[in-house]
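Structural features, examined
Residues per chain, in single letters:
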Amino acid sequence: MTVKLPKNYRPSEDETFMNPKMREYFRQKLLAWKDELQRESGETLQHLQEVSLHEPDIADRASLETDRSLELRTRDRERKLISKIDAALRRIEEDSYGYCEETGEPISLRRLEARPIATLSIESQERHERMERTHRDD
């Protein structure tokens, strides 16, 4: 079932949480984000193929290698982000998107707008981060 979104639609607290329009809004948002990341990734690959590491000056070569390393790390982060986007899209299909994995409570719309791949509510995320800090500090 395809849902047509009204022009300039934004989810609001006044409507039923994760109704079909809201799910479609976040689905489109996630797909657009994924497309942007994939496009940037393609541009990076093209750029990396064009840039030669055969610079005669050792300082220029070192600078190019540093730039290349940074680009590859960024792309690796984006690759991981794309897999999180894919997981969020699966959750939309399964009707579990927008609900905290820990408590089952709805994740706030403000949080989902800011981080559409969120799987935890703010409270659960903060609790999770406190636990990580506690175990890391041990």
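Residues numbered from 1 in each chain as written. Predicted model: local features only at pLDDT ≥ 70, side-chain atom pairs only at ≥ 80, totals over all residues. Heavy atoms only, no water.

1. Quick notes on the overall build of the protein
Quick reminder of the rule: Secondary structure counts use DSSP, requiring at least four H or I residues in a row for a helix and at least two E residues in a row for a strand, with both numbered from the N terminus. Each radius of gyration reported is based on C-alpha atoms, and the globular scaling rule is 2.2 Å times the count of residues to the power 0.38. Throughout, a contact is declared for two residues whenever any of their heavy atoms are within 4.5 Å. Note on areas: Shrake-Rupley, 1.4 Å probe, and residue coverage restricted to the protein chains presented here. The charge count includes Lys and Arg as positive and Asp and Glu as negative, but it does not include His or the ends of the chains. A single reference atom marks each charge: NZ on Lys, CZ on Arg, CG on Asp, CD on Glu.
The secondary structure content of the protein amounts to 4 helices and 0 strands. Written out in order from the N terminus, the α and β elements of the protein read α-α-α-α. The C-alpha atoms of the protein give 20 Å as radius of gyration, which overshoots the globular expectation for 138 residues (14 Å, by more than 25%). In terms of overall dimensions, the protein has a C-alpha envelope of 65 × 50 × 25 Å along the principal axes. Intrachain contacts of the protein at a sequence separation of at least 6 include 50% that bridge at least 24 residues. When the accessible area of the protein is evaluated, it comes to approximately 9800 Å², of which 49% is carbon and sulfur surface. Averaging the positions of the 26 positive and the 31 negative side-chain charges in the protein gives two centres separated by 3 Å.

2. Overview of the side chain of E78
The following threshold applies: With a 1.4 Å probe rolled over the protein chains alone, any residue whose accessible area is under 20% of its type maximum counts as buried; one over 50% counts as exposed, and the rest are partly exposed.
Along the chain, E78 falls in helix α2 (residues 58-93). Assessed through its relative accessible area of 13%, E78 is described here as buried. For E78, the residues in contact, after removing those within four places along its chain, are L37 and E40.

3. Side note on the packing of aromatic side chains
Just so we agree on the cut-off: Each pair of aromatic rings taken from Phe, Tyr and Trp, with Trp reduced to its six-membered ring, is defined by centres within 6.5 Å and is described as stacked if the planes are under 30 degrees apart, edge-to-face if over 60, and tilted in the remaining cases.
The final tally for this structure, using the stated rule, is 4 aromatic pairs. Ring centres 5.6 Å apart and planes at 45° place the aromatic pair F26 and Y97 in the tilted group. A residue pair is termed long-range when its members are at least 10 positions apart, and F26 in helix α1 (residues 20-50) and Y97 in the loop between α2 and α3 (109-114) qualify at 71 residues. In terms of burial, F26 and Y97 fall into one category: buried.

4. A look at the confidence of the model for the protein
We apply this condition: pLDDT is a per-residue confidence score from the predictor, ranging from 0 to 100.
Of all residues in the protein, 91% attain a pLDDT of 70 or more, and the chain-wide mean is 89. Least confident of the elements in the protein is α1, whose mean pLDDT is 87; most confident is α3, at 97.

5. Let's talk about the pattern of salt bridges
What counts, and what does not: Just to be clear on terms, a salt bridge is a Lys or Arg side-chain nitrogen sitting within 4 Å of an Asp or Glu carboxyl oxygen.
The final tally for this structure, using the stated rule, is 9 salt bridges. Between D95 and R23 there is a salt bridge, with the nearest N and O atoms lying 3.3 Å from each other. Of this pair, D95 sits in the loop between α2 and α3 while R23 sits in helix α1, and the two are 72 residues apart along the sequence. In this structure, E78 and R75 form a salt bridge, with 2.0 Å as the shortest nitrogen-oxygen distance. In this pair, E78 and R75 are both assigned in helix α2, 3 residues apart and thus about one turn of the helix distant. Salt bridges here are not isolated pairs; linked through shared partners, they connect R10, K29 and E113.

6. A word on the nonpolar core
As a rule of thumb, nonpolar side chains are buried together in soluble globular proteins. How we decide: As used in this record, nonpolar core signifies buried Ala, Val, Leu, Ile, Met, Phe, Trp, Tyr and Cys residues forming a set joined through side-chain atoms within 4.5 Å.
Core analysis: the biggest nonpolar cluster contains 22 residues, and F26, L30, I85, Y97 and L112 have the highest contact counts within it. At the level of elements, α1, α2 and α3 are the ones that each hand at least two residues to this core. With 6 residues, the single largest contributor to this core is α2. In this view, L30 contacts I85, A88, L89, I92, Y97, P116 and I117; residues no more than four positions away in its chain are not counted.

7. Concerning α2
To keep things clear, this is the line we draw: Between the first and last residue of a helix there are one fewer steps than residues, each counted as 1.5 Å, and that sum is the expected span.
In this model α2 runs 52 Å from its N-terminal to its C-terminal C-alpha over 36 residues, within 8% of the 52 Å that 1.5 Å per residue would give. For α2, every residue scored as buried is listed here: E78, L81, I82, I85, A88, L89, R91 and I92. Where α2 ends, the next residue or the one after it, D95, has phi of about 60°, a positive value.

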